[in-house]
Amino acid sequence: MANVVIVGTQWGDEGKGKIVDLLTEHADSVVRFQGGNNAGHTLVVDGKQYIFHLIPSGILYENKQCFIGNGVVVDPGVLLLEMKKLNDQGLPVTPQRLMLSSRAHMIMPYHKLLDAGSEAQLASGRKIGTTGRGIGPCYGDKVLRRGIKLGDLLDRESFRERLQENLEVKNFLLAQQYGMEPLALDAVYDEFMTYAEQLAPFIGNVALALDRQRREGKNILFEGAQGTQLDIDHGTYPFVTSSNTIAGNACTGSGFGPAHIDAVIGILKAYTTRVGEGPFPTELFDATGESIQKKGGEFGATTGRKRRCGWLDGVIANEAVRLNGITDLAITKLDVLSGQPELQLATAYRVGDRTLETMPDNIKDYQKLQPVYEKLAGWSEEISHARHPDELPAKAREYIKRIEEFTETPASIISVGPGREQTMLLRNPFTR
């Protein structure tokens, strides 16, 4: 048996869902451990596209069990809509296939209103680029010990009491701070009691269920959302998400002991992208950046926003290896770089007369960063047909080798297209 964590090494959108889908074939269970419906995984299976926001993409396999851990914040309405869409596509989501942690906090209607109001009041240049889905305010209430958990839905009286306490505070903020209409207690209560009837069979103790699976020798795959540089503690703060995106949170966000993790797969896009605001040292503002954006189809799976594109940033790749304890890299979208006569890899940053090998702590230094590039030869051949590294052009293999050398981490997975068959699994973390 093996327990494997998958994380993004950049600012998200690295293709985690595709790699999760690939490795799920060898797993018994898939666990989502952080984030909310501000994240999205896009998969193409047999020419059909699936977009997931909350439910682990392992649900595509009929014989796999999926879990949403306590570290996830759940919008019940969005979850039920996602379940319905999957049911309509012939993928029934049943309590035997999906368990929701009773300890996972719920995104309430006031969280989304407060999220939008707060972002709207920020001055230009200071906006976070939030998706407006209530993620941050929900995590905020969790830390303030005012949150409402999925398990609270199972006790109508307790739920109503907690909801009333929250609305007294939140309605004041909505009206006085943001000039919005207050929310009605009965309307919100009735809405969530409808959710309770539908979700009650799915709610349980995820931590206990995972420990049972471990004791039975099952293979467990932990699926992260976003990327390392969006981590609330270790990312480009304040332009980050509201949860810990690094591998250590796979344990905290699911109730799984860290001593039982066997491998951490870091998903590294062959170039770098970012959605929303915040620093991006290798961003390209020229025709090359536009070409990569168009060829890579770089639009957010959740927001539809156009992604900013740039050269591969080795500095943040190395930081991801260190922070996550990455044992293997999965290099994705290598095919998008075909046709580029020259590639560049950022090996350090300069700020004035200083040379940095990590992201700076001071936010004022972010906009002053100048990447130090190493130039590499590109290749002209189309590579989406390749099914083995030997079928790649020599320059593409050299690019992969340089990434491995610079990060001191082997590439165990290489992807050259969106389809399952376009991913090369060189070393399986579940069968070592």
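These remarks concern the structure in this document.

The rules behind each value
Residues numbered from 1 in each chain as written. Predicted model: local features only at pLDDT ≥ 70, side-chain atom pairs only at ≥ 80, totals over all residues. Heavy atoms only, no water. Phe/Tyr/Trp six-rings, centres within 6.5 Å; stacked < 30°, edge-to-face > 60°. Helix = DSSP H or I, 4+ residues; strand = E, 2+ residues; numbered from the N terminus. Buried < 20%, exposed > 50% of the residue type's maximum accessible area, 1.4 Å probe, protein only. Lys NZ or Arg CZ within 6 Å of the ring centre and 35° of its normal. Arc of directions from axis to C-beta. Pairing = 2+ DSSP bridges. Contact = heavy atoms within 4.5 Å. Polar contact = N/O pair within 3.5 Å; in protein donor to acceptor, adjacent residues only side chain to side chain. Axes fitted to C-alpha atoms, helices over the stretch in contact; angles between N-to-C directions. Parallel < 35°, antiparallel > 145°, perpendicular 65-115°, else oblique. Left-handed = near helix turned anticlockwise from the far one by under 90°. Nonpolar A, V, L, I, M, F, W, Y, C, P; charged D, E, K, R; others polar.

**Some words on the packing of aromatic side chains**
Where two aromatic rings form a pair, the distance of their centres and the angle of their planes describe that pair.
Alright, step 1. In total, this model carries six aromatic pairs according to the counting rule given.
Alright, step 2. Pairing F192 with Y195 gives two aromatic rings, centres 5.0 Å apart and planes at 80°, and the pair type is edge-to-face. Taken as a pair, F192 and Y195 lie in helix α6 (residues 185-199) at a separation of three residues, close to a single helical turn.
Alright, step 3. Take F192: its relative accessible area is 2%, and that puts it in the buried class.
Alright, step 4. For Y195, a relative accessible area of 15% puts it in the buried group.
Alright, step 5. Centre to centre, the rings of F222 and F256 are 5.0 Å apart; their planes meet at 50°, and the pair counts as tilted. In this pair, F222 is assigned in strand β10 (residues 220-223) and F256 in the loop between α8 (249-252) and β11 (263-269), connecting sequence segments 34 residues apart.
Alright, step 6. Taken together, F159, Y189, F192 and Y195 form an aromatic cluster joined through their ring pairs.
Alright, step 7. When the ring centre of Y61 is taken as reference, the NZ or CZ atom of K64 above it lies at 5.9 Å.
Alright, step 8. Above the plane of the ring of Y189 lies R160, whose end atom (NZ or CZ) is 4.8 Å from the centre.

**Focus: helix α4 (residues 135-143)**
Alright, step 1. Turning to α4, its buried residues are I135, C138, Y139 and D141. Buried residues in α4, looked at end-on, bunch into an arc of 155°, giving them a common side.
Alright, step 2. The first or second residue beyond α4 is R145, which carries a positive phi of 65°.

**Section: the pairing of strand β2 (residues 29-32)**
Alright, step 1. What you see with β2 is no split at all: S29 and V31 on one side and V30 and R32 on the other are buried throughout.
Alright, step 2. With four bridges connecting them, β2 and strand β5 (residues 65-68) associate as parallel partners. Opposite R32, over in β5, you have I68 as the bridge partner.
Alright, step 3. By the bridge criterion, four bridges tie β2 to β10 in an arrangement that is parallel. Directly across from S29, in β10, lies its bridge partner I220.

**Structural notes on the environment of E319**
Alright, step 1. Inspection of the secondary structure assignment puts E319 in helix α10 (residues 314-324).
Alright, step 2. Residues E319 and P410, spaced 91 residues apart in sequence, show a C-alpha to C-alpha distance of 15 Å.
Alright, step 3. Setting aside residues no more than four positions away along its own chain, E319 makes contact with Q229, H234, T358 and M359.
Alright, step 4. Polar side-chain contacts of E319 include one of 3.0 Å to the side chain of Q229.

**Some details on unusual backbone geometry**
Across residues other than glycine, the phi torsion is negative in most instances, and most of the peptide bonds are trans.
Alright, step 1. A cis amide bond links Y237 to the next residue, P238, at an omega of 10°.
Alright, step 2. On the secondary structure map, P238 appears in the loop between β10 and α8.
Alright, step 3. For R145, which is not a glycine, the phi torsion comes out positive at approximately 65°.
Alright, step 4. Position of R145 among the secondary structure elements: in the loop between α4 and α5 (156-176).
Alright, step 5. Since its relative accessible area comes to 70%, R145 is described here as exposed.
Alright, step 6. Despite not being glycine, K333 has its phi angle at roughly 55°, a positive value.
Alright, step 7. Tracing the backbone through its elements, the reader meets K333 in the loop between β15 (328-332) and β16 (342-351).

**Some thoughts on the packing of helix α2 (residues 76-88) against α6**
Alright, step 1. Relative orientation of the contacting elements α2 and α6 amounts to 45°, with a least axis distance of 10 Å. One finds that α2 runs oblique with respect to α6. For the crossing formed where α2 meets α6, the hand is left-handed. Contacts between α2 and α6 involve P76, G77, L79, L80 and M83 on the former and, on the latter, F192, Y195, Q198 and L199.
Alright, step 2. Counted by class, the contact of α2 with α6 contains seven nonpolar, two polar and no charged residues.

**Notes on the side chain of K170**
Alright, step 1. Inspection of the secondary structure puts K170 in helix α5.
Alright, step 2. A polar contact is formed between the side chain of K170 and the side chain of D141, at a distance of 3.2 Å.

**Some words on helix α1 (residues 16-24)**
Alright, step 1. Most of α1 sits out of view: nine of its nine residues are buried.
Alright, step 2. The set of residues buried in α1 consists of K16, G17, K18, I19, V20, D21, L22, L23 and T24.

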